[in-house]
Amino acid sequence: MNIGIIGCGAISGIYLENLTKSRRVRVAAMADLDASRAKAAAAKYGGRALTVDELIDARDVDIVLNLTTPDAHESLARRAVEAGKHVYNEKPLCIDPAGARNLLELARRKGVRVGCAPDTVLGAGIQTSRKLVADGAIGKPVGGLAFMLCPGHESWHPDPAFYYKKGGGPVLDMGPYYITALVTILGPVAGVRSVARMTRPQRTITSAPRRGQTIDVEVATHCVGILEFASGASVSATLSFDVHRSRCANIEVWGTEGALAVPDPNGFGGPVSIFRPGDQDWSDAPLVDAPAHNARGFGVEDMAVAIAENRPHRASGALALHVLDVMTAMATGATAKIEPPQVI
Ligand SMILES: NC(=O)c1ccc[n+]([C@@H]2O[C@H](COP(=O)([O-])OP(=O)(O)OC[C@H]3O[C@@H](n4cnc5c(N)ncnc54)[C@H](O)[C@@H]3O)[C@@H](O)[C@H]2O)c1
């Protein structure tokens, strides 16, 4: 399977590092609104630097890997699907659930696949957690917590404005890791209650090269939610770009017969710690056989193999749509019933 990458910004480097070493896919081409970025990526990693139109029409591109900013995820994915290509988006799948539903329906009609980040949930940390819960290692899940607390991305990202525009904010930006991990471990969500606030209407960039520029904030930056899972478990989740430092855990899951400390879902590895009544302390569980290093690109590789083997792919559009439904309710401070999809 040949991959064409659209969007050669900050995250493209690790995808290119990993995918150009893959024996399962080939990176054939790359494109970016900023043509110099596509040329630089092609010079470093091989492949042809094309315009976006050329890449979408290229006969040797089977899968469009869409690594653009969230505002372009839906429109570019639709164009790729219209052209008969499979598409794999960086997260979030789209900004609006309605657009995401239309995209999946279009892909169904066209007979092509839609995949979506994050693929970190396919790594050893979350897969070990999933297996332990599925095997009953902590009994029946009762509840848990999730915390993604940071001061925002304007201190390190070279062009951070999109994190504060529609499609950004802590929930749509970082929520995909946390909510997808929780859904992977606990199954689908059936309801969300949330309180969301925008703490500062403007943020000042402190990273190069835009140091000193201000960003008008369009989204909530501190969101506190309760997720009710179809299984009956309930998880409190706080996602914030307004916290300077915290000692709170990433994710914990509590069951009738124990507790699980789940590692950072923005990474692939462990440790996964478990406590059962009678234990003196937490202990680290052995990790399952899955990537534990920064394997970004693993999800699109899996999709390519799944297409060839005619089986479902794992980082699926359906999963990403469910997560988008949950995040949308959470980010807007809504109380919402969620229709748990049958495919998860
Ligand atoms: N930076 C990270 O650490 C990181 C980590 C994981 C996921 N992501 C996700 O990856 C995506 C990209 O993030 P990034 O940090 O690489 O952003 P970025 O701004 O560094 O890069 C995005 C690139 O997409 C290009 N682009 C935007 N709209 C386009 C369009 N319509 N057509 C062609 N090219 C277009 C831009 O010119 C830019 O080069 C986002 O969805 C983000 O959430 C980023």
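Calculation criteria
- Residues numbered from 1 in each chain as written.
- Predicted model: local features only at pLDDT ≥ 70, side-chain atom pairs only at ≥ 80, totals over all residues.
- Heavy atoms only, no water.
- Pairing = 2+ DSSP bridges.
- Helix = DSSP H or I, 4+ residues; strand = E, 2+ residues; numbered from the N terminus.
- Contact = heavy atoms within 4.5 Å.
- Axes fitted to C-alpha atoms, helices over the stretch in contact; angles between N-to-C directions.
- Near = heavy atom within 4 Å.
- Polar contact = N/O pair within 3.5 Å; in protein donor to acceptor, adjacent residues only side chain to side chain.
- Areas by Shrake-Rupley, 256 points an atom, 1.4 Å probe, with all protein chains shown as cover.
- 1 Å grid on protein atoms, 1.4 Å probe; cavity = no way out; pocket = protein on both sides within 12 Å on 5 of 7 lines; lining within 4 Å.
- Sits in = over half its atoms within 2 Å of the grid points.
- Nonpolar A, V, L, I, M, F, W, Y, C, P; charged D, E, K, R; others polar.

Here we take up the sheet that holds strand S6 (residues 114-116). If you walk across this open sheet you meet the six strands as S3-S2-S1-S4-S5-S6, and the pairing is parallel. Here the strands that pair on one side only, and so sit at the sheet edges, are strand S3 (48-49) and S6. As paired strands, strand S4 (residues 63-66) and strand S5 (residues 86-89) are joined by four bridges and run parallel to one another. Opposite Ile63, over in S5, you have His86 as the bridge partner. Each of strand S1 (2-6), S4, S5 and S6 touches helix H8 (residues 298-309); the most contacted strand, S5, lies at about 160 degrees to it.

On to the site of the ligand, then. In the vicinity of the ligand lie 25 residues, with Ala10, Asp32, Arg37, Lys91 and His157 positioned nearest. Within the backbone of Thr68, one N or O atom sits 3.4 Å away from an oxygen atom of the ligand. Measuring from an oxygen atom of the ligand, one finds a side-chain N or O atom of His73 at 3.2 Å. Calculation on the ligand without its partners gives an accessible area of 820 Å², and the protein chains cover 87% of this total. Placement of the ligand is best described as lying within the largest pocket. Looking at the shell around the ligand, the elements that each hand over two or more residues are helix H4 (73-82) and helix H7 (169-186). Grouping the amino acids of the shell around the ligand by side-chain chemistry returns 13 nonpolar, six polar and six charged.

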